Structure formats: C-alpha cells, structure tokens
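One letter stands for each residue in the lines below.
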Amino acid sequence: MCEEKEFLSLPRIGSPAPEFTAETTKGEISLSDYKGKWVVLFSHPSDFTPVCTTEFVGFQGIKEELAAINTELIGLSIDSVHSHIAWVRNIEQNFDVKITFPVIADLSMDVAKKYGMIMPGESDTATSRAVFVIDDKQVVRTIIYYPSSNGRNIPEVLRIVQALQASDKHNIATPANWEPGDRVIVPPAKNQDEAAKRMTDETMECKDFYFCTKELES
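Residues numbered from 1 in each chain as written. Predicted model: local features only at pLDDT ≥ 70, side-chain atom pairs only at ≥ 80, totals over all residues. Heavy atoms only, no water.

**Student:** Explain the overall build of the chain to me, using residue names and the numbers behind them.
**Tutor:** From N to C terminus, the chain includes six helices and ten strands. Counting only C-alpha atoms, the chain reaches 65 × 50 × 30 Å along its principal axes. Here the chain, with 218 residues, has 42% of them falling under the buried criterion. Pairs at least 24 residues apart make up 67% of the contacts formed inside the chain by residues separated by at least 6 positions. About 12,000 Å² of surface is accessible on the chain, with carbon and sulfur atoms providing 52% of the total. Within the chain, the 33 negative side-chain charges are centred at a point lying 3 Å from the centre of the 22 positive side-chain charges. (Helix = DSSP H or I, 4+ residues; strand = E, 2+ residues; numbered from the N terminus. Buried < 20%, exposed > 50% of the residue type's maximum accessible area, 1.4 Å probe, protein only. Contact = heavy atoms within 4.5 Å. Areas by Shrake-Rupley, 256 points an atom, 1.4 Å probe, with all protein chains shown as cover. Lys, Arg positive; Asp, Glu negative; His and termini not counted. Charge placed at Lys NZ, Arg CZ, Asp CG, Glu CD.)

Okay, structure coming up:
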C-alpha cells in the first residue's frame, strides 16, 4: 500500500513539477529559482561511465540552443558533488567539452524519489535515464525514460521543447517527426460549419475536415 501511494504521488504530464532544493556543481539551487523559464531536468545512472559521458557531451551540445528558447538544463544522479566535479573536469580534459549546466548531487535520493527516477527493476541505487520537460509555469509537460544500457537521442529533447513551445504559442499540434519550419496541424473543427469552411480555406491544406495543416507563422 505504501509503494502504491508513492507511485500515485509521482508527477504526471500536466501536473505541477515537485519543488526541490539541492546541492549542485554550481551551488545550491531550487526549482522555484527557474520560474519563468523552461527546464530540462534529466538524470543519469552514474558518473564516470561511458554512456553517461556521451550524453553529457550531447546535452552540452544543445545547451546554447535551449538557452535561446528560454530553457535551462539541470542534470542529476545520486553521486556526490565531489564526484560530479571530478567527472565534469575529466570530460573537459578528455573530450574538450566544458560542462556548464548544474548537476544535482542527490545522495539522499530526495529529488530522484519525487520524480520517479529510481527503477527497482534495474537498480535500487542508481537513477534511470529520465527526462522531465518543465514549462515556465513549472508544470510537467513531457516525461521520457530510457534504460541504463542505451543512451538518449539528445536532439529529440531539443525538438520536443521546440514543439511544445510552438503548440503553446500558436494553438496548434505537431505531426510525427516534426521539426521547426515544417507544416503544423490545425486543431479539429468544432462544428459542421467550421468543418465545411476549412475545406476551402486557402491558408490550409486539408486531406479531410479533420486533417488540415498550415505553415506556421513566425
């Protein structure tokens, strides 16, 4: 029963992101510090491991693109601050990549448990490869999990933030494999008159009344 209650309390898409305060490689931070910004909070199983190293290099590679769309990166594992510092220094020395985003040292697993980053089927002592996209109102918008054996598709993390922001700004949806600049999906017609009208709307391309796309205005 306790495990069921803990599971039910985990964040869902559309729910408020759990608040936290934690020590990081950049000092103490709280989620509330990021109000007004989007956040990509991601966890990795362990420092000084090859797959995680490739992911950190990848995340650093999209950091500036995320910053340009008002989005911050925060990493996390249950390693210590000293381990994190040594590892990011090692990445800089061996891969010539300077890690500039904060990495949470979650030794108590407090943040990991709040966000459901521990997968007992894989490990009770390491965080999974989880990604939480949190919007500027501190609402969870996307949750992605990967197994420990396989690295994430880092460009997809950037793409989903871009898609979410486009949907919020323009009241549209995005099709499979959408990239910025592609056509977007217009929300379904609300009544028969609207359905008939959109079939002759020159700003849209309609396969049928329920499936219409358009160019996204800048």
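**Student:** Explain a negative patch on the surface to me, and be specific about the residues and the numbers.
**Tutor:** Taken together, Glu19, Glu23, Glu28 and Asp33 make up a surface patch of like negative charges. Relative to the assigned elements, Glu28 resides in strand S2 (residues 27-30). (Patch = residues over 30% accessible without salt bridge, like charges linked within 9 Å, V, L, I, M, F, W, Y side chains within 5 Å. Salt bridge = Lys/Arg side-chain N within 4 Å of Asp/Glu carboxyl O.)

**Student:** Run through the UniProt feature "active site" (unreviewed entry) in the chain, naming residues and quoting values.
**Tutor:** Here the UniProt-annotated "active site" (unreviewed entry) positions come out as Cys52. Take Cys52: it is sitting in helix H2 (residues 50-68). Setting aside residues no more than four positions away along its own chain, Cys52 makes contact with His44, Pro45, Ser46, Trp87 and Arg129. (UniProt positions renumbered as here; feature names shortened; annotations may be inferred.)

**Student:** I'd like to hear about the nonpolar core, residue by residue, with values.
**Tutor:** Within the largest apolar cluster, 30 residues are counted, with the highest numbers of intra-cluster contacts made by Phe56, Phe59, Phe101 and Val133. With eight residues, helix H5 (residues 154-170) is the single largest residue contributor to this core. Once you skip the residues sitting within four places of it in the chain, Val133 turns out to touch Trp38, Val39, Val40, Val139, Val140, Arg141, Thr142, Ile160, Val161 and Leu164. Core analysis: the second largest hydrophobic core is formed by 22 residues, Ala22, Ile29, Ile78 and Ile118 among them. (Core = buried A, V, L, I, M, F, W, Y, C linked by side-chain atoms within 4.5 Å.)

**Student:** Requested: an account of the sheet that holds strand S9 (residues 205-208), with residues and values cited.
**Tutor:** If you walk across this open sheet you meet the three strands as S8-S10-S9, and the pairing is antiparallel. Every other strand in the sheet has two partners, leaving strand S8 (184-185) and S9 as the edge strands with one partner each. Here S8 runs beside strand S10 (residues 211-214); their pairing, made up of two bridges, is antiparallel. Across the sheet, residue Ile185 finds its bridge partner in S10, namely Thr213. (Pairing = 2+ DSSP bridges.)

**Student:** Explain H2 to me, using residue names and the numbers behind them.
**Tutor:** Three or four residues apart is the spacing at which side chains of an α-helix point the same way, because the helix has 3.6 residues per turn. With 19 residues, H2 extends 29 Å between its outermost C-alpha atoms, agreeing within 8% with the 27 Å of an ideal straight helix rising 1.5 Å per residue. Along its length, H2 reaches its greatest deviation from straightness, about 40°, at Ile62. All of the buried residues along H2 are Cys52, Thr53, Glu55, Phe56, Phe59, Gln60, Ile62, Lys63 and Leu66. Structurally, H2 contributes buried residues whose contacts are with strand S3 (38-43), strand S4 (71-77), helix H3 (81-95), strand S5 (103-105), strand S6 (129-134) and H5. Note on H2: the residue one or two positions beyond its end, Asn70, has a positive phi of about 65°. (Expected span 1.5 Å × (residues − 1). Bend = angle between axes of the 7 residues up to and from the residue.)

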